[in-house]
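# Topology and contacts: notes
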Amino acid sequence: MCGIIGIVGKSPVNQGLYDGLTVLQHRGQDAAGIMTSDGDRLHLRKDNGLVRDVFHTRHMLRLKGNMGIGHVRYPTAGCSSSAESQPFYVNSPYGISLAHNGNLTNADTLKGDMFREDLRHINTNSDSEILLNVFAHELQRQGKLRIDEGDVFEAVTRVHKRVRGAYAAVAMIIGYGIVAFRDKHGIRPLAIGRRETPQGTEWTVASETVAVDALGFERVRDLEPGEAVFIDVDGNFHSRQCAEGSVYSPCIFEYVYFARPDSIIDGISVYKARLRMGERLARKILREWPQHDIDVVIPIPDTSRTSALQLSYELGVLYREGFIKNRYIGRTFIMPGQKQRKKSVRQKLNAIGLEFRGKNVLLVDDSIVRGTTSKQIIQMARDAGANKVYFASAAPPVRYPNVYGIDMPTTAELIGHGRDDKQIAEAIGADWLIYQDLDDLISAVLYKDNKKVRQFDTSVFSGEYPTGDVTPEYLKQLEQCRSDGAKETRDLEEGVTIDLHNSE
Ligand SMILES: O=P(O)(O)OC[C@H]1O[C@H](OP(=O)(O)OP(=O)(O)O)[C@H](O)[C@@H]1O
Ligand SMILES: NC(=O)CC[C@H](N)C(=O)O
Ligand SMILES: [Mg+2]
């Protein structure tokens, strides 16, 4: 997952973009970047690392201008070189930069078309560079010296006709403004905020409402699937539906794990959805094991806390924080390699002995993906003296790859693939394991908050891909180039790619 943000302001936006990226950090820890526009000049700083490490005072001073976009990256295509960090830039037409969250499913075809038909060179293996070039080509094709919002929307309409997969994007056109658009399934989130100042109205577009809140903007609404909004340099807001047959199918895994609980995605509170997940899972436990002997419910920090709390309440069993999280270690699941992920679990969490000694503990996590966390945590609970260690997952088993912006491309890496619940329990070392049912998860998220959302992208649980273009051949090819093993070899072979547009 990545985090994106754009601001059209009435005063310098560098600090706002930085602050916005900081609260979107949980969506991508590998790289960060900001590009601002100051009159007819663009300023860029991007590199590998966390937001706080990438931007120093000297970079912030150079990021001048009242309009800009930013990105935090969790790679799902290409490699993790700083050259593939975002925003990307093309000089023609007009000078355009773009930041993207998601993953294109027809990137290879598009790349070929770009070269053969559009005569454009793509310098990296990033699908986001392709998305930018498709947009740039479609804008250029109109052959205008000066453009207006109609031309921008026409270009986005044509992008939707060519591009498949998941894309929530913000693009900045020098001298004109910022355009934001969302694929016709609305798989990745994108929210709009506005702020009144004595100088006039300022606008922001960001992956999650937490960024809108943190910057002191007022939440306006989410972009609709297939919709584009264009905010011109004077702060005028324009919007248009640019795709045919748009159907809301937001990624349900955003609610399970990715998003911050204080965000509201597509009108649905992530926090409330997680509470309901806990509630439904508790009811399932009571149905399946009414005579349970659970002494205490313990969450696996951070994400499972909300659902674990509600689960314990509904179950009528004590909730205890038995694991303490090191606040300086980030999310382990989105780390690039399995070795690093494994090592980080132990660095990140430590058990409080007295909560485990002689007790039957129910550990609750939001999801089990590769089993990296659950396996080690269960062992830690045993080492801390637990009598029985039970495990509950607020999401159903993850059994299928994700192709829309979450880096889980290989079925073989998923602990739920090809195993039933009993075999998974054995593999992670649990005495008993319970998963949320998919229907319960859907009803926990759906509820009645937003009537427009009727279905979700549930592909990692169901194997059903809403874009309809994900074939077994595609998945095989994805697995070959993006498995942990393939990534390691490639990073060694490619070494450091020199970036064209970067400054130290
Ligand atoms: O089965 P796995 O492959 O280990 O993946 C699942 C785990 O990874 C995530 O935690 P993470 O540490 O990334 O973030 P968190 O602190 O937000 O819970 C998630 O919350 C689960 O705990
Ligand atoms: N997780 C994402 O949204 C990734 C965006 C893009 N596919 C990249 O790899 O940079
Ligand atoms: Mg976790």
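All figures in this text were calculated on a predicted structure; none of them were measured in a lab.

## Brief notes about the overall build of the protein chain
When you go through the protein chain residue by residue, the secondary structure sums to 17 helices and 22 strands. Over its C-alpha trace the protein chain gives a radius of gyration of 23 Å, about what one expects of a compact globule, namely 23 Å for 504 residues. The C-alpha extent of the protein chain, read off along each of the three principal axes, is 75 × 50 × 45 Å. The proportion of buried residues among the 504 residues of the protein chain is 62%. Long-range pairs, those at least 24 residues apart, make up 71% of the contacts in the protein chain between residues at least 6 apart in sequence. Looking at the protein chain as shown, the accessible area adds up to about 19800 Å², and 48% of this sits on carbon and sulfur atoms.

## Section: the site of ligand 2
Not every one of the 15 residues close to ligand 2 is listed here, only the nearest: Cys-2, Arg-73, Asn-101, Gly-102 and Asp-127. One of the backbone nitrogen or oxygen atoms of Ala-77 is found 3.2 Å away from an oxygen atom of ligand 2. Contacts to ligand 2 include Gln-86, whose side-chain N or O atom sits 3.2 Å from an oxygen atom. Of all the elements in the fold, those that place two or more residues in the shell around ligand 2 are β6 (96-104) and α5 (127-140). Residue contributions to the shell around ligand 2 peak at 4 residues, all from β6. Residues of the shell around ligand 2, tallied by class, amount to 5 nonpolar, 8 polar and 2 charged.

## Points about the confidence of the model for the protein chain
Of the residues in the protein chain, 97% reach a pLDDT of 70 or more, and the chain-wide mean stands at 94. Two numbers describe this predicted complex: its pTM, 0.95, and its ipTM, 0.98.

## Describing the site of ligand 1
Close contacts around ligand 1 come from 17 residues, with Thr-303, Lys-348, Asp-365, Asp-366 and Thr-373 the closest. For ligand 1, an oxygen atom lies 2.5 Å from a polar atom in the side chain of Asp-365. At 2.7 Å, a backbone N or O of Val-369 approaches an oxygen atom of ligand 1. Compared with its free state, where it exposes 500 Å², ligand 1 has 97% of that area covered by protein.

## Topic: the UniProt feature "domain: Glutamine amidotransferase type-2" (unreviewed entry) in the protein chain
Mapped onto the present numbering, the UniProt feature "domain: Glutamine amidotransferase type-2" (unreviewed entry) falls at residues 2-234. Secondary structure content for residues 2-234 is 27% helix and 35% strand, while the C-alpha to C-alpha distance between its ends is 28 Å.

## Thoughts on the packing of helix α9 (residues 270-288) against helix α14 (residues 438-446)
At their nearest, the axes of α9 and α14 sit 8 Å apart, and the two run at 145 degrees to each other. Crossing geometry of α9 relative to α14 is assigned as right-handed. Within the contact between the two elements, α9 uses Ala-273, Arg-276, Met-277, Arg-280 and Arg-287 and α14 uses Asp-440, Leu-441, Ser-443, Ala-444 and Val-445. Residue composition of the contact of α9 with α14, by class: 5 nonpolar, 1 polar and 4 charged.

## Concerning the sheet that holds strand β11 (residues 218-222)
Strand-to-strand pairing in sheets goes through backbone hydrogen bonds, with the strands running parallel or antiparallel. With antiparallel pairing, 7 strands are arranged side by side in an open sheet as β3-β2-β4-β1-β10-β9-β11. Two strands close off the open sheet at either side, each with one partner strand: β3 (41-48) and β11. The mean angle between the axes of side-by-side strands here comes to 15 degrees, regardless of whether they run parallel or antiparallel. The pairing of strand β2 (residues 31-38) with strand β4 (residues 67-73) spans 7 bridges and is antiparallel. The residue bridging Ile-34 from the neighbouring strand is Gly-70, located in β4.

## Describing the domain arrangement of the protein chain
Segmenting the protein chain into domains produces domain 1 (3-247) and domain 2 (271-325 + 346-451). A straight line from the C-alpha centre of domain 1 to that of domain 2 covers 36 Å. Each partner contributes to the interface: domain 1 provides 10 residues, whereas domain 2 provides 6 residues. Carbon and sulfur atoms make up 57% of the area that domain 1 and domain 2 hide from each other, which totals about 630 Å².

## Some words on the packing of aromatic side chains
Applying the stated criterion across every chain yields a total of 17 aromatic pairs. Ring geometry for Trp-289 versus Trp-432: centroids 4.7 Å apart, planes at 55 degrees, classification tilted. Taken together, the residues span a long stretch of sequence, with Trp-289 in the loop between α9 and β16 (296-299) and Trp-432 in strand β22 (residues 432-435) at a distance of 143 residues. Taking relative accessible area as the criterion, Trp-289 reaches 21% and is therefore assigned partly exposed. For the ring pair Tyr-404 and Tyr-465, a centre distance of 6.2 Å and an interplane angle of 65 degrees mean the geometry is edge-to-face. Residue Tyr-404 is found in the loop between β21 (388-393) and α13 (421-428), and its partner Tyr-465 is found in the loop between α15 (459-462) and α16 (472-482); the two are separated by 61 residues along the sequence. Among the residues examined, Tyr-404 registers a relative accessible area of 0% and is labelled buried. A network of ring pairs unites the aromatic residues Tyr-74, Phe-253, Tyr-257, Phe-258, Phe-333 and Phe-461 as a single cluster. Over the ring of Phe-88 we find Lys-46; its NZ or CZ atom is 4.6 Å from the centre of that ring. Lying across the ring of Tyr-257, Arg-331 places its NZ or CZ 3.9 Å from the centre.

## Some words on the nonpolar core
Formed by 41 residues in total, the largest nonpolar core has its most connected members in Phe-253, Tyr-255, Phe-258, Met-277, Phe-333, Ile-406 and Val-445. Of all the secondary structure elements, the ones that give two or more residues to this core are α8 (253-258), α9, α14, α15 and α16. The element best represented in this core is α8, accounting for 5 residues. Here this core spans two domains, and each of domain 1 (3-247) and domain 2 (271-325 + 346-451) adds at least three residues to it. Not counting residues up to four positions away in its chain, the partners in contact with Phe-258 are Met-1, His-26, Tyr-74, Glu-208, Phe-253, Arg-274, Arg-331, Phe-333, Ile-334 and Ile-406. Listed in part, the 33 residues of the second largest apolar core include Ile-96, Leu-104, Phe-135 and Phe-181.

Parameters and conventions
Residues numbered from 1 in each chain as written. Chains lettered and ligands numbered in written order. Predicted model: local features only at pLDDT ≥ 70, side-chain atom pairs only at ≥ 80, totals over all residues. Heavy atoms only, no water. Helix = DSSP H or I, 4+ residues; strand = E, 2+ residues; numbered from the N terminus. Rg over C-alpha atoms; globule rule 2.2 N^0.38 Å. Buried < 20%, exposed > 50% of the residue type's maximum accessible area, 1.4 Å probe, protein only. Contact = heavy atoms within 4.5 Å. Areas by Shrake-Rupley, 256 points an atom, 1.4 Å probe, with all protein chains shown as cover. Near = heavy atom within 4 Å. Polar contact = N/O pair within 3.5 Å; in protein donor to acceptor, adjacent residues only side chain to side chain. Nonpolar A, V, L, I, M, F, W, Y, C, P; charged D, E, K, R; others polar. pLDDT = per-residue confidence, 0-100. UniProt positions renumbered as here; feature names shortened; annotations may be inferred. Axes fitted to C-alpha atoms, helices over the stretch in contact; angles between N-to-C directions. Left-handed = near helix turned anticlockwise from the far one by under 90°. Pairing = 2+ DSSP bridges. Domains from an automatic or database assignment. Buried area = accessible area lost by both parts, 1.4 Å probe. Phe/Tyr/Trp six-rings, centres within 6.5 Å; stacked < 30°, edge-to-face > 60°. Lys NZ or Arg CZ within 6 Å of the ring centre and 35° of its normal. Core = buried A, V, L, I, M, F, W, Y, C linked by side-chain atoms within 4.5 Å.

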